Amino acid sequence: MILLLTKNMLGKFIPVLHNTNSSQRVAETARITFGLGYKSLVISKATGPAAQIGLPEAQKLALRYNANIIFLSDLSEVIELLQPDLTLIVVPGKYGGINLSEALNKILPKIADMRKVLLIFGGSEPGLTQKEMKMGETVHPDGVIEDVGTLGTVAITLYIVAQNMLMQAIRA
């Protein structure tokens, strides 16, 4: 029962990897996302090897995990088409924002009424532009002040969200 509740709540969170040309970063983001139990992943603005090699690899992983993967050309298109209830821009703490756990504490009481929450990660150095960072609420994984790289940020963030959803399901 608890696992079913956790999967249902976790399904409302959709990680988005934006602006990368690394095939390995795309494949590893998909592996982390689906391995932690998320059922959807969006890749936007994949170029070069990320588009040619990374996207097919991510598609294979999505099929293996019975998950959804969406490829779009730009972040504004992602937000326009998915129409999330909330968009969280995930960055290292030195770039600002509130602790992820603090943001989740605000979200959890309303999560049952929400359909989608986007978790947007910058896929290249130096990350997201100022314009892109204004497309949602900026958050950082608890305790992550320095830049630990895209994959580190994705893994830590998705794990924190999954643990918070599990704790919410246990309390319910």
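Residues numbered from 1 in each chain as written. Predicted model: local features only at pLDDT ≥ 70, side-chain atom pairs only at ≥ 80, totals over all residues. Heavy atoms only, no water.

A.B. asks: Please explain the pairing of strand β7 (residues 137-140) as it appears in this structure.
C.D. replies: As a general feature of sheets, a regular strand has side chains that alternate between the two faces. As paired elements, strand β4 (residues 86-90) and β7 share three bridges and run parallel to each other. Paired with I89 across the two strands is T138, which belongs to β7. Pairing of strand β5 (residues 98-99) with β7 involves two bridges; the strand directions are parallel. Each residue of the ladder has a partner; that of I98, found in β7, is V139. (Pairing = 2+ DSSP bridges. Helix = DSSP H or I, 4+ residues; strand = E, 2+ residues; numbered from the N terminus.)

A.B. asks: Mind showing me how you'd approach the environment of T150 here?
C.D. replies: Along the chain, the position of T150 falls in helix α7 (residues 149-171). On the basis of relative accessible area, T150 is assigned to the buried category, the value being 10%. A sequence separation of 60 residues divides T150 from V90, and the C-alpha atoms of the two residues are 9.9 Å apart. Those residues in contact with T150 that sit more than four places away from it in its chain are L17, R25, G122, G123 and S124. (Buried < 20%, exposed > 50% of the residue type's maximum accessible area, 1.4 Å probe, protein only. Contact = heavy atoms within 4.5 Å.)

A.B. asks: I'm lost on the sheet that holds β5 in this one. Help?
C.D. replies: The strands making up a sheet are joined through hydrogen bonds of the backbone, oriented either antiparallel or parallel. Read from one edge of the open sheet, seven strands run β3-β2-β1-β6-β4-β7-β5, paired in parallel fashion. Each of the sheet's edge strands pairs with one partner strand only, and the pair in question is β3 (68-72) and β5. Along the sheet, helix α2 (residues 23-35) contacts β1 (13-20), β2 (40-46) and β3; its crossing angle with β2, the most-contacted strand, is approximately 165°. (Axes fitted to C-alpha atoms, helices over the stretch in contact; angles between N-to-C directions.)

A.B. asks: Whenever I open this one, helix α3 (residues 49-64) confuses me. Can you help?
C.D. replies: Three or four residues apart is the spacing at which side chains of an α-helix point the same way, because the helix has 3.6 residues per turn. With 16 residues, α3 should reach 22 Å at 1.5 Å per residue; the first-to-last C-alpha distance of 22 Å fits that figure. When we look at burial in α3, the residues that qualify are A50, G54, L55, A58, L61 and A62. Buried residues along α3 sit in contact with β1, α2, β2 and β3. Looking one or two residues past α3, N66 carries a phi angle of roughly 55°, positive in sign. (Expected span 1.5 Å × (residues − 1).)

A.B. asks: So what exactly am I meant to see when it comes to the side chain of T33 here?
C.D. replies: Relative to the helices and strands, T33 resides in helix α2. For T33, a relative accessible area of 0% puts it in the buried group. A distance of 2.7 Å separates the side chain of T33 from the backbone oxygen of T29, its partner in a polar contact. The contact partners of T33, leaving out residues within four places of it in the chain, are P15, Y38, S40, L41 and L158. (Polar contact = N/O pair within 3.5 Å; in protein donor to acceptor, adjacent residues only side chain to side chain.)

A.B. asks: In this structure, what is going on with the pattern of salt bridges? I would like to understand it.
C.D. replies: Opposite charge on two side chains permits pairing when their charged atoms draw close. In total, this model carries three salt bridges according to the counting rule given. In this structure, R31 engages E28 in a salt bridge whose closest nitrogen and oxygen atoms are separated by 3.5 Å. Of this pair, R31 and E28 both sit in helix α2, separated by three residues, roughly a single helical turn. Looking at E28, the relative accessible area reads 25%, which means it is partly exposed. Among the ionic pairs, K94 bridges to E146, the shortest N-O distance being 3.5 Å. (Salt bridge = Lys/Arg side-chain N within 4 Å of Asp/Glu carboxyl O.)

A.B. asks: What is the right way to read the packing of α2 against α3 from this model?
C.D. replies: Two quantities define a packed helix pair, namely the angle between the axes and the distance from one axis to the other. Interhelical geometry of α2 versus α3 gives an angle of 20° and a closest axis separation of 7 Å. Comparing their axes, α3 and α2 come out roughly parallel. With respect to the hand of their crossing, α2 and α3 are arranged in right-handed fashion. From α2, S23, V26, A27, A30, R31 and F34 reach across to α3, where they touch P49, A50, I53, G54, L55, E57, A58, L61 and A62. Considered class by class, the residues forming the contact of α2 with α3 number eleven nonpolar, two polar and two charged. (Parallel < 35°, antiparallel > 145°, perpendicular 65-115°, else oblique. Left-handed = near helix turned anticlockwise from the far one by under 90°. Nonpolar A, V, L, I, M, F, W, Y, C, P; charged D, E, K, R; others polar.)

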